[in-house]
Number of protein chains: 2
Amino acid sequence: MTKTLDHDRLNDDRLDETFAALANPTRRAILARLAQGEANVNELAAPFDLTLPAISKHIKVLEQARLVRRTAHAQYRRCSLDAAQLEAVASWVDQYRPVWEARLDRLDDYVGQLPPKRQQKKGTRHG
Amino acid sequence: MTKTLDHDRLNDDRLDETFAALANPTRRAILARLAQGEANVNELAAPFDLTLPAISKHIKVLEQARLVRRTAHAQYRRCSLDAAQLEAVASWVDQYRPVWEARLDRLDDYVGQLPPKRQQKKGTRHG
DNA sequence: CGTGTAGTTTCCACTTCGGTTAAATAACTG
DNA sequence: CAGTTATTTAACCGAAGTGGAAACTACACG
């Protein structure tokens, strides 16, 4: 085997679909909306300047990426987030946590002159 | 200031590019390889059954998504991970952490078959 | 200078994506 | 049953993505 990185090999197909699904602002907005609670397709479509079929397809993409689940209630389709795949994404990116934490460590010395995006370190000594 | 949106709205364009860049197994493998240390293009290309131009283009996509940086040393291009954007991805997905943590809660709760409103250790079903 | 090495760009073929309109399906309603 | 509501499917289009081959740039070496 030529691969040095195999522990996420099993999820790779799914991650492929998942990241592709996330690579679209409309779909991320749909996820954000679903994070506040379930909604049907018409409700999800409302904020957008898109036709219903377009939204329907977006939801389908999210569904095939296992980011959203759809359950039928009469003629409605109730959509909800699928937490598992979201967690899989978090888990994937978490592999790289050491990379950016190393970077933050190096930055920590002159954190006093950084824009106030994120400083949650303890001793923020002003330079 | 026309932006009234939440904290990651500014990054949204970048996230678009970033997730699109991640939606490809070759590119994720390149990232994984770079996590072990810097490499030039030929080294990055070695494990793959693709031509060099193809790899070069993949790296370009990663670079434009700010996931990889390339610096020229003589005729070599030294590639390295760009931690910041990786962290941006982690930060985005972290918004949804409550969702999957709630799911784990509910899973824990599902033994008692309670509605997802409040969870008690006892099986108090008020339905 | 020419040659080899490292990498990119250009052009081409092919596929997928994101959107539309129009028609189809499905369930409730009178 | 016809009609309304909710949503999907079908057909289609232009734009973008993925890959290869070939040509090009850039640097080093002799």
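Here the structure is a predicted model, which means the values were calculated and not measured.

1. Some remarks on the overall build of chain A
Next, step 1: Within chain A, the secondary structure is distributed over six helices and two strands.
Next, step 2: From first element to last, N terminus to C terminus, chain A shows the α and β order α-α-α-α-β-β-α-α.
Next, step 3: Taking all 127 residues of chain A together, the buried fraction comes to 24%.
Next, step 4: Contacts in chain A between residues at least 24 apart in sequence constitute 47% of all its contacts with a sequence separation of at least 6.

2. Comments concerning the protein's contact with DNA strand D
Next, step 1: Neighbouring DNA strand D are 22 residues; N40, N42, P53 and S56 of chain A together with A54 of chain B lie closest to it.
Next, step 2: Secondary structure elements with two or more residues in the surface near DNA strand D: α3 (41–45), α4 (52–64) and β2 (76–81) of chain A together with α4 (52–64) of chain B.
Next, step 3: Each residue belonging to the surface near DNA strand D can be placed in one class, and the counts come to 11 nonpolar, nine polar and two charged.

3. Re the interface of chain A and chain B
Next, step 1: Residue-level contacts link 26 residues of chain A with 27 residues of chain B.
Next, step 2: For the side of chain A that touches chain B, the secondary-structure elements that each account for two or more residues are α1 (12–22), α2 (25–35), α5 (83–94) and α6 (97–107) of chain A.
Next, step 3: The greatest single-element share of the side of chain A that touches chain B, amounting to eight residues, is contributed by α5 of chain A.
Next, step 4: In the side of chain A that touches chain B, the residues fall into 17 nonpolar, two polar and seven charged.

4. Considerations on the packing of α5 of chain A against helix α5 (residues 83–94) of chain B
Next, step 1: Two elements in contact, α5 of chain A and α5 of chain B, have axes whose closest approach is 9 Å; the angle formed by their N-to-C orientations is 155°. Relative to α5 of chain B, α5 of chain A is oriented roughly antiparallel. Relative to α5 of chain B, the crossing made by α5 of chain A is left-handed. Residues L86, V89, A90, V93 and D94 of chain A of α5 of chain A lie in contact with α5 of chain B, whose contacting residues are L86, V89, A90, V93 and D94 of chain B.

Calculation criteria
- Residues numbered from 1 in each chain as written.
- Chains lettered and ligands numbered in written order.
- Predicted model: local features only at pLDDT ≥ 70, side-chain atom pairs only at ≥ 80, totals over all residues.
- Helix = DSSP H or I, 4+ residues; strand = E, 2+ residues; numbered from the N terminus.
- Buried ≥ 20, exposed ≤ 12 C-beta atoms within 10 Å, placed from the backbone.
- Contact = placed C-beta atoms within 7 Å.
- Near = placed C-beta within 6 Å.
- Nonpolar A, V, L, I, M, F, W, Y, C, P; charged D, E, K, R; others polar.
- Axes fitted to C-alpha atoms, helices over the stretch in contact; angles between N-to-C directions.
- Parallel < 35°, antiparallel > 145°, perpendicular 65-115°, else oblique.
- Left-handed = near helix turned anticlockwise from the far one by under 90°.

Just geometry here; none of it tells us what the structure is for.
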